[in-house]
Amino acid sequence: MQDLIKKAGQVKMLILDVDGILSNGQIIYNTDGIETKAFSVQDGVGIKSLARYGILTAIITGRSSPMVNKRADEMGINYVVQGRDDKLIALKELLATLDPALNIRAEDCAYMGDDLPDIKAMQTAGFAATVPNAHSEVINRSDMVTTRAGGAGAVREVCDLILKGHGHYQEFIAHYTLDGAQMQDILS
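Presented here is a report on the structure given in the accompanying data block. (Residues numbered from 1 in each chain as written. Predicted model: local features only at pLDDT ≥ 70, side-chain atom pairs only at ≥ 80, totals over all residues. Heavy atoms only, no water.)

Here we have six strands laid out as an open sheet, ordered β5-β4-β1-β6-β7-β8, and parallel in their pairing. Of all the strands in the sheet, just β5 (79–81) and β8 (144–145) have a single pairing partner and so form its edges. Direction of pairing for strand β1 (residues 13–16) relative to strand β4 (residues 56–60): parallel, over a ladder of four bridges. Directly across from leucine 14, in β4, lies its bridge partner threonine 57. (Pairing = 2+ DSSP bridges. Helix = DSSP H or I, 4+ residues; strand = E, 2+ residues; numbered from the N terminus.)

Structure, rendered in structure tokens:
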């Protein structure tokens, strides 16, 4: 586990697939043909925590849908790339658009995906993560397999690991908890 935390500490940008990672992978259409997705609030807190400590976030997804833009905006995702079947090319293009002062290369990225189109990008990134219900070939090529499924807090697990690797996890948790003196003030 220490090696995994150390590896996560090198991450400057977390790149996420959507279907199967940020959502459960189901595509639901209403009677008007409008697509809908469900996203985990816990993942959103994790993504926002990365921003607090200067770690960038991005989405690279094969499909295009307006709700992805809406959710990405709510979570403060820095970059959104939709409608890209070749995720490795999308990753390379994304990195080429970044400010050179950021000094972010593929090996500085964590990539989280769950299916075959994600493998090349995951192999190029410095840290690869997936979910337990991912395709077996993706699992075999991942540094980390979360305990939670996509759309159910899996991204949060990776965010927490990245915070631990950067030494910010306890500070992040302290933001949401009371210490002894604060508890005493409340109880007084």
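Relative to the helices and strands, aspartate 114 resides in the loop between β6 (109–112) and α5 (119–124). Placed 19 residues apart in sequence, aspartate 114 and asparagine 133 show a C-alpha to C-alpha distance of 7.7 Å. With residues near it in sequence (within four places) discarded, aspartate 114 still touches Asp17, Asp19, Gly20, Ile21, Thr130, Val131, Ala134, His135 and Val138. (Contact = heavy atoms within 4.5 Å.)

The next point concerns unusual backbone geometry. The phi torsion at asparagine 103 lies on the positive side, around 50°, for a residue other than glycine. Structurally, the position occupied by asparagine 103 is in the loop between α4 (87–97) and β6.

Another aspect to go through is the pattern of salt bridges. When the charged atoms of two side chains with opposite charge come close together, those side chains can pair. On inspection of all chains with the given rule, the structure shows 13 salt bridges. The partner of arginine 63 in a salt bridge is glutamate 35, and the shortest N-O contact between them spans 2.7 Å. Taken as a pair, arginine 63 in the loop between β4 and α3 (66–75) and glutamate 35 in strand β3 (residues 35–36) lie far apart in primary sequence, 28 residues in all. The exposure class of arginine 63 is partly exposed, given its relative accessible area of 27%. For glutamate 35, a relative accessible area of 14% gives the class buried. Ionic pairing is found between arginine 105 and glutamate 107, a salt bridge with its closest N-O pair at 3.0 Å. Judged by its relative accessible area of 43%, glutamate 107 is partly exposed. Counted as one network, the salt bridges with shared partners bring together Asp19, Glu35, Lys37 and Arg63. (Salt bridge = Lys/Arg side-chain N within 4 Å of Asp/Glu carboxyl O. Buried < 20%, exposed > 50% of the residue type's maximum accessible area, 1.4 Å probe, protein only.)

What follows is about the environment of leucine 161. Assignment of secondary structure puts leucine 161 in helix α7 (residues 154–165). Expressed as a C-alpha distance, the spacing of leucine 161 and leucine 178, which sit 17 residues apart in the sequence, is 22 Å.

Another aspect to go through is the nonpolar core. Counting 54 residues, the largest nonpolar core has Met13, Leu14, Ile15, Met112, Phe127, Val155 and Ile162 as the members making the most contacts within it. Here this core takes seven residues from α7, the largest share from any one element. With sequence-adjacent residues up to four places away left out, methionine 13 is seen in contact with Ile55, Leu56, Thr57, Ala58, Tyr79, Leu94, Leu98, Ile104, Asp108, Cys109 and Ala110. (Core = buried A, V, L, I, M, F, W, Y, C linked by side-chain atoms within 4.5 Å.)

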